[in-house]
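If you want the building blocks of each chain, they are given just below.
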Amino acid sequence: MSEEPIIAIRGLRTQFGSQVIHDNLDLEVRRGEVIGIVGGSGTGKSVLLRTIIGLIRPKAGEIRVFGENLAAMEATERRRFEQRWGVLFQDGALFSSLTVAQNIEVPLKEHLKLPPALSDQLAALKISMVGLAANAGPKYPSELSGGMRKRAGLARALAMDPEIVFLDEPTAGLDPIGAAAFDELIRRLQQTLGLTVFMVTHDLDSLHAICDRIAVLAEKKVLVVGDMAEMLRQDHPWIREYFHGPRARAALGEAGRAEGDD
Ligand SMILES: Nc1ncnc2c1ncn2[C@@H]1O[C@H](COP(=O)(O)OP(=O)(O)OP(=O)(O)O)[C@@H](O)[C@H]1O
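Below you will find a few notes about this structure.

Conventions and cut-offs
Residues numbered from 1 in each chain as written. Predicted model: local features only at pLDDT ≥ 70, side-chain atom pairs only at ≥ 80, totals over all residues. Heavy atoms only, no water. Pairing = 2+ DSSP bridges. Helix = DSSP H or I, 4+ residues; strand = E, 2+ residues; numbered from the N terminus. Contact = heavy atoms within 4.5 Å. Axes fitted to C-alpha atoms, helices over the stretch in contact; angles between N-to-C directions. Buried < 20%, exposed > 50% of the residue type's maximum accessible area, 1.4 Å probe, protein only. Phe/Tyr/Trp six-rings, centres within 6.5 Å; stacked < 30°, edge-to-face > 60°. Near = heavy atom within 4 Å. Polar contact = N/O pair within 3.5 Å; in protein donor to acceptor, adjacent residues only side chain to side chain. Areas by Shrake-Rupley, 256 points an atom, 1.4 Å probe, with all protein chains shown as cover. Nonpolar A, V, L, I, M, F, W, Y, C, P; charged D, E, K, R; others polar.

Here the focus is the sheet that holds strand 2 (residues 19–29). An order of 2-1-4-5 is seen for the 4 strands of this open sheet, with the pairing classed as antiparallel. Edge positions in the sheet fall to strand 2 and strand 5 (68–69), since each of these pairs with one other strand and no more. Taken strand by strand, helix 1 (residues 45–52) contacts strand 1 (7–16), strand 2 and strand 4 (60–65), and its axis lies near 115° from that of strand 1.

Set out below in structure tokens:
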């Protein structure tokens, strides 16, 4: 891993009207890691993701991605940088009127001027990378299961061979077996492609299975960043409840108990 963080956030403040979501928030994401963002409902996890990728404009602070302050760039230069990440929104956010293959080709068409046959081949490659059968390509999102839609959304996020993938609750709505398979897919892709993964999640199994580090959002900040052992040592009430509650004990098993309530 290189020393310079791939994402560096300093003094971030986001606000909607008088509602302050983040205040003086700092976070660094290391190149090549899977970082899980957790926090109570409404603490601003999704807003943080959307702010990093430029969909929400912060009131104060600086966000550097790939060492660059993207907010200070001109639109064309910024678009060039935006090709270096992919995003999987919570519901997959596929265009319902396009097939899976056409959805994957949207970013290819937007950023590259490829001959249609090559674009089709790339879409087929991405479809197979995410573990979908080739016959998923001509299907419409409504013809897929929830898990298949997530995979199709991931294939689209990977279309431009990104360095960072942002995932907003990727396993939400999946059954435990589907969620575990999706975790495994994310881990495998991260390892084989050298991706950095920024993942908002509520899923303790995912945190345990694939996250190198976890960042906890509370009190409008990132309160703690560290590995699971670090989380289990924290005394903050929400963190303690989250990582030592009944659901955590089920997900973490012996690890939770070994470091647990002493
Ligand atoms: N575009 C917006 N305009 C106004 N308020 C917003 C907007 N987007 C989010 N918010 C508010 O910001 C707060 C944080 O929302 P966010 O979706 O980031 O929470 P979250 O931590 O991801 O929650 P959950 O775990 O429930 O998904 C919420 O109070 C939400 O209502």
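Next up on the list: the pairing of strand 3 (residues 34–39). Counting buried positions along strand 3 gives 6 out of 6 residues, so the element sits mostly inside the fold. Residues Val 34, Gly 36 and Val 38 line one face of strand 3 and the alternating positions Ile 35, Ile 37 and Gly 39 line the opposite face, and both faces are buried. Across 4 bridges, the pairing between strand 3 and strand 8 (residues 196–200) is parallel. In the strand pairing of strand 8, Gly 36 is matched with Met 199. By the bridge criterion, 5 bridges tie strand 3 to strand 9 (residues 213–218) in an arrangement that is parallel. Its bridge partner being in strand 9, Ile 37 is matched across the sheet by Ala 215.

Turning our eyes to something else, we now look at the packing of aromatic side chains. All chains considered together, the criterion is met by 5 aromatic pairs. Seen from their ring centres, Trp 238 and Tyr 242 are 4.6 Å apart, and the 15° between their planes marks the pair as stacked. One end of the pair, Trp 238, and the other, Tyr 242, are both in helix 9 (residues 237–244), 4 residues apart, so they sit about a helical turn from each other. Residue class for Tyr 242 comes out buried when judged on its relative accessible area of 15%.

This paragraph deals with the site of the ligand. Lining the immediate surroundings of the ligand are 13 residues, of which Ser 41, Gly 42, Lys 45, Val 47 and His 202 lie closest. At 2.9 Å, a backbone N or O of Gly 42 approaches an oxygen atom of the ligand. Separating an oxygen atom of the ligand from a backbone N or O atom of Val 47 is a distance of 2.8 Å. When the free accessible area of the ligand is taken as 640 Å², the share hidden by the protein chains comes to 61%. Elements supplying a minimum of two residues to the shell around the ligand: strand 2 and helix 1. Top element by residues in the shell around the ligand is helix 1. It accounts for 3 residues. Here the shell around the ligand is built from residues that sort into 3 nonpolar, 8 polar and 2 charged.

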